[in-house]
Amino acid sequence: MIVFNIFREQNQVNRQETVMRKIQNSILMILSFLLGGIFYFQFDLEDILWNRHEQAIISAEQVTWNRETDYTGQKAGDGILFLTTGEEWEAVLCEFDYVTVVPVGIERTNVNDRSRGKDGLPYYIIELEDGTRLLAQMNRGLAARIQRGQRMELPLGRKIEIPQNTRTLLTPVCEARNVTGDYVLYTIDDTWKSEHVRPVFYGKLIASTLVAIIWAIVLQLIAERIPDKKALRRQNQTDEQENE
């Protein structure tokens, strides 16, 4: 009778342990994919690919001879206007002149341009050497390096008029920071960006999946090394009953 009771109790314990193990594995799996998801949004593969991309150096003479080509996002060469003052920015012709600048300061606004991608393209406020602030759009990785204090020259950009609905959203921050909110310095190479939408997406997806799998293995190994106090206590009780 005692042996039967011990056997029945052991079966109940085994079922409980099986259920708990399934719950634990499910929790670890969810946690692993959450970590993979965080990695997906933090991993800036686009910036890595852009840094490996060799941009063409464009001179003012090239721009003059071929106005039909869009040189936005390329490197500034000889004769390209290097912005340092607000007066120079005011004199730039909208959607015509190409300029570059080395911002002395940068801050991100809470407004994104949703018309240029699912995640949107942030509007930044950059500061020129004379203290003038203006709106700019650029590669996120480039903006991050400038925010960390690196002195970076922006790619070739053009003065673009901001849509009215976006201008309304930008008005509060522009008024607070004394920024003219009618135009933005746009420095994104749209052709390169559109060509790399899928490679960036699938690259980040594969990388984040691998990260999730690695975390699942690591967390499982850690969980197996943590002693189950309840299981040890039950095992001790079973051993005592068998000895009796």
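Data block above holds the structure.
A short tour of the structure in this document, coming up.

Cut-offs used in this document
- Along each chain, the written sequence defines residue order, and numbers are assigned to residues from 1.
- Only residues with pLDDT of 70 or above have their local features reported here, since the model is predicted, and side-chain atom pairs are shown and tallied only from 80 upward, although totals for entire chains, interfaces and linings are computed over all residues.
- Derived side-chain values reflect all non-hydrogen atoms in the structure, with water molecules and hydrogen atoms excluded from consideration.
- Only C-alpha atoms enter the line fits that serve as axes; for helices the fit covers just the stretch in contact. Angles between N-to-C directions range over 0 to 180 degrees.
- In this text, helices come from DSSP runs of H or I with a minimum length of four residues, and strands from runs of E with a minimum of two, each type numbered from the N-terminal end.
- For classification purposes, angles smaller than 35 degrees are called roughly parallel, those larger than 145 roughly antiparallel, those between 65 and 115 roughly perpendicular, and all remaining angles oblique.
- The hand of a helix crossing depends on one turn: near helix anticlockwise from the far one by less than a right angle means left-handed, and clockwise means right-handed.
- What makes two residues a contact is simply this: any of their non-hydrogen atoms within 4.5 Å.
- Each residue receives one of three labels: charged for Asp, Glu, Lys and Arg, nonpolar for Ala, Val, Leu, Ile, Met, Phe, Trp, Tyr, Cys and Pro, and polar for the others, Gly being one of them.
- Note on ring pairs: Phe, Tyr and Trp rings are taken, using the six-membered ring of Trp, and paired if centres are within 6.5 Å. Classes follow the plane angle, with under 30 degrees stacked, over 60 edge-to-face and the rest tilted.
- For the exposure calls, accessible area comes from a 1.4 Å probe over protein chains only, and a residue counts as buried if that area is under 20% of its type's maximum, exposed if over 50%, partly exposed in between.
- Geometrically, a lysine NZ or arginine CZ counts as sitting over a ring once it is within 6 Å of the ring centre and also within 35 degrees of the ring normal.
- Here a strand pair is declared whenever DSSP counts at least two bridges between the two strands.

### Description of the packing of helix H2 (residues 45-52) against helix H8 (residues 197-225)
Between H2 and H8, whose axes approach to 9 Å, the crossing angle comes to 125°. On the basis of their axis angle, the class for H2 and H8 is oblique. Here H2 runs over H8; the crossing is right-handed. Across from Leu45, Glu46 and Leu49 in H2, the residues of H8 making contact are Pro199, Val200, Gly203 and Lys204. In the contact of H2 with H8, the residues fall into 4 nonpolar, 1 polar and 2 charged.

### A closer look at the packing of aromatic side chains
The full count for this structure, using the stated rule, is 3 aromatic pairs. On the numbers, 6.5 Å between centres and 80° between planes, the contact of Tyr40 with Phe201 is edge-to-face. Here Tyr40 is found in helix H1 (residues 2-42), whereas its partner Phe201 is found in helix H8, with 161 residues between them in sequence. On the accessibility criterion, Tyr40 (17% relative accessible area) is buried. For Phe201, a relative accessible area of 38% puts it in the partly exposed group. Where Tyr71 meets Tyr98, the ring centres are 5.8 Å apart and the plane angle is 70°; that geometry is what we call edge-to-face. Here Tyr98 lies in strand S4 (residues 98-100) and Tyr71 lies in the loop between helix H3 (60-65) and strand S2 (75-76), a separation of 27 residues in the sequence. Tyr98 gets classed as buried once you look at its relative accessible area, which sits at 8%. Aromatic rings pair up to connect Tyr40, Phe201 and Tyr202 into one cluster. The ring of Phe96 is capped by Arg67, whose NZ or CZ atom sits 3.9 Å from the centre of that ring.

### Regarding the pairing of strand S8 (residues 157-161)
The buried fraction of S8 is high, at 4 of 5 residues. Looking at chain direction, S4 and S8 are connected through 2 bridges and run antiparallel. Residue Tyr98 lies in a different strand from S8, and its bridge partner there is Arg158. For S8 and strand S9 (residues 180-186), the ladder comprises 4 bridges, and the chain directions are antiparallel. Looking across to S9, one finds that Lys159 is bridged to Leu185.

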